[in-house]
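Working through the structure, step by step
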Amino acid sequence: MTATELDPEAPPRSRLRFFAAAFTGVLALAAALAAGHLVAGFINVNASPYLAVGNGAIDLTPVELKDFAVRTFGTYDKLVLLGSMAVVMVGVAALAGVLSRRSPVPGTVLIALFGLVGAFAVFERPDLTAVALLAPIASLVVGIAVFLLLHRIAPRVWREPDADEKSGTSRRAFLLGGAGVVVGAGAAGLGGQLISSSRDATASREAVGKLVPARTAPTIPADADFAKLGTPPFLTPNDKFYRVDTALSVPQVRTEDWSLRLHGMVDREIRYSYQDIRSRPLVERTVTMTCVSNEVGGDYVSTSNFIGVDLADLLAEAGVKPGAEQLFCTSVDGWTSGTPVAAAQDRGRGAMLAIGMNGEPLPLEHGFPARLVTPGLFGYVSATKWVVDIEVTTWAARQAYWLKRGWSQEAPIKTESRIDSHRGFANVRTGKVRVAGVAWAQHTGIEKVEVRVDQGPWQETTLSQEVNPNTWRMWWTELDIPAGVHQVFCRATDKSGYTQTDQRAGTVPDGATGWHNVTFTAA
Ligand SMILES: Nc1nc2c(c(=O)[nH]1)N[C@H]1C(S)=C(S)[C@@H](COP(=O)(O)O)O[C@H]1N2
Ligand SMILES: [Mo]
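Conventions and cut-offs
- Residues numbered from 1 in each chain as written.
- Chains lettered and ligands numbered in written order.
- Predicted model: local features only at pLDDT ≥ 70, side-chain atom pairs only at ≥ 80, totals over all residues.
- Heavy atoms only, no water.
- UniProt positions renumbered as here; feature names shortened; annotations may be inferred.
- Helix = DSSP H or I, 4+ residues; strand = E, 2+ residues; numbered from the N terminus.
- Core = buried A, V, L, I, M, F, W, Y, C linked by side-chain atoms within 4.5 Å.
- Buried < 20%, exposed > 50% of the residue type's maximum accessible area, 1.4 Å probe, protein only.
- Contact = heavy atoms within 4.5 Å.

The name given to the protein chain in an unreviewed UniProt entry is DMSO/TMAO reductase YedYZ, molybdopterin-dependent catalytic subunit, with the source organism recorded as Amycolatopsis pretoriensis.

What follows concerns the UniProt feature "transmembrane region" (unreviewed entry) in the protein chain. Mapped onto this numbering, the UniProt entry gives "transmembrane region" (unreviewed entry) at residues 18–43, 79–98, 105–123, 129–150 and 173–195. Here residues 105–123 is 100% helix and 0% strand, with 26 Å between the C-alpha atoms at its ends. The distance from the first to the last C-alpha atom of residues 173–195 is 32 Å, and the span holds 100% helix and 0% strand.

The next thing to look at is the UniProt feature "domain: Oxidoreductase molybdopterin-binding" (unreviewed entry) in the protein chain. Those places that UniProt annotates as "domain: Oxidoreductase molybdopterin-binding" (unreviewed entry) correspond, in this numbering, to residues 248–401. The distance from the first to the last C-alpha atom of residues 248–401 is 16 Å, and the span holds 12% helix and 37% strand.

Here we take up the nonpolar core. With 52 residues, the main nonpolar core has Phe306, Leu311, Leu327, Leu353 and Ile390 as its most contacted residues. If you tally residues by element for this core, the top one is strand S9 (residues 352–357), at 5 residues. When residues no more than four places from it in sequence are discounted, the contact partners of Phe306 are Phe241, Val283, Glu284, Arg285, Val287, Met289, Met352, Ala354, Gly356, Met357, Arg371 and Val373. Leu51, Ile58, Met85 and Val301 belong to the second-largest nonpolar core, a separate cluster that totals 28 residues.

Here we come to unusual backbone geometry. A cis amide bond links Phe368 to the next residue, Pro369, at an omega of 5°. With respect to the element layout, Pro369 can be found in the loop between strand S10 (360–361) and strand S11 (371–373). A cis amide bond links Ser421 with the next residue in sequence, His422, at an omega value of 0°. As for its placement among the helices and strands, His422 is situated in the loop between strand S13 (416–421) and strand S14 (425–428). Its identity is not glycine, yet Trp386 carries a phi of approximately 50°, on the positive side. Looking at where Trp386 falls in the secondary structure, it is placed in the loop between S11 and strand S12 (387–393).

Structural data, given as structure tokens:
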């Protein structure tokens with residue numbers, strides 16, 4: 001019994017039962033999201049209001065929080081985001097239902113607001129056209145319709161004498177209606193998922209086949225890594241290559257739909273098709289990429305044999321006008337980077353429009369059909385995946401995605417080193433302990449890596465054979481570790497003579513600094 005039922009003065013009207021009201025809200029939400037997802041399946045999966053709101057949230061997230069998410073959750077940052085969004089949405093939907101126990105108006109208004117947020121998020125996406133608005137509109141219409149319907153048939157708390165009879169019928173109708181909505185929403189959501197995945201780019205990628213470069217990269221010597229001693233293998237397998245991007249769903253671009261427009265401050269604008277690129281003599285280069293969000297000791301660094309064409313060749317064909325400063329590069333989902341023109345034109349650096357990694361077409365997650373790779377610069381200023389547009393322009397004219405959010409305009413990769421063996425807290429035997437790791441100073445090259453125990457003297461390590469200055473270099477040594485708990489530090493010196501600073505700096509705005517250290521407990 002509730003307070004109203006006991007209150008003799010209460011007006012003779014009904015209210016929805018508490019849980020029925022909450023369920024009405026949640027089921028309407030499920031139906032709305034599923035309807036939007038189904039319609040989006042036919043247009044573009046990113047038009048799905050759920051994903052669009054998620055993508056919008058990513059773009060609006062303050063830089064520190066985003067950087068924290070990337071560092072803490074890695075590639076799962078997106079699952080964490082979608083999961084927390086789901087929790088919040090279910091909560092709000094249940095609340096909307098509960099607020100509508102007497103009248104459906106509050107819930108309807110809330111659903112309409114939800115719908116508008118979804119529509120706005122879709123509208124704001126640079127990769128979607130006006131047709132995409134059909135998805136949030138479907139969500140809005142279905143959400144409100146389901147809410148009103150369930151609201152009508154939901155079990156109520158009646159003040160009249162025949163209450164039991166009435167609530168009995170309406171409970172059955174509500175359960176049936178609710179089950180219908182659950183089944184319908186499940187089918188629509190699944191249908192949307194199937195339809196969008198039938199449009200995915202996997203088949204297009206398989207049709208490309210093996211990529212055979214005209215100029216292959218020099219074979220990686222056997223002593224380029226110390227994998228047996230605990231370093232990573234020199235070349236990172238494609239499925240182990242670190243991944244960082246803002247895309248909630250991996251862009252699906254088929255080769256036949258892809259083209260790259262090169263324009264702006266050039267003598268002639270050029271549009272390249274996939275065949276145009278693929279049929280050129282392809283070059284292969286071994287390059288170590290690094291993310292600016294990599295913390296000291298972090299994993300956002302990987303090496304691949306990239307296959308593609310020289311970016312400098314494409315720029316020469318278009319004819320870069322004097323005064324040009326940056327390549328403003330846009331991906332199919334609207335993300336942008338700004339690369340210094342000088343770095344892109346520098347043949348010694350070897351910036352590429354890449355279409356392959358380790359003999360295969362680029363994996364979808366790494367930018368299929370084509371991406372940029374610029375040795376020596378952090379990925380956010382140089383490595384646009386799913387690239388479709390390169391505008392040659394000035395720094396003043398255009399501001400790229402992360403630059404607008406507080407990161408630096410120019411971002412050369414910093415000289416770094418990392419201890420891989422052992423990682424975390426290690427328990428070892430007192431005496432000679434083998435320590436191994438990696439160091440990188442792309443486009444400069446690693447000269448030496450030193451290690452020390454606590455405040456002890458620095459000791460030089462054995463370096464692996466250098467592959468090229470644009471790649472990482474492995475190191476190892478044996479250290480005498482006395483009994484007890486000790487810190488092992490490493491630091492690299494690059495070929496310009498610079499030795500890593502011990503000054504700790506965070507990743508924002510242009511990359512972390514400081515010495516990596518690992519705690520060894522010897523007994
Ligand atoms: N389209 C697009 N390209 C992008 C990004 C992105 O968010 N979207 N992130 C950049 C960043 S920050 C890095 S470090 C590299 C990572 O490339 P990878 O995921 O292939 O390792 O891609 C770059 N290219
Ligand atoms: Mo990055």
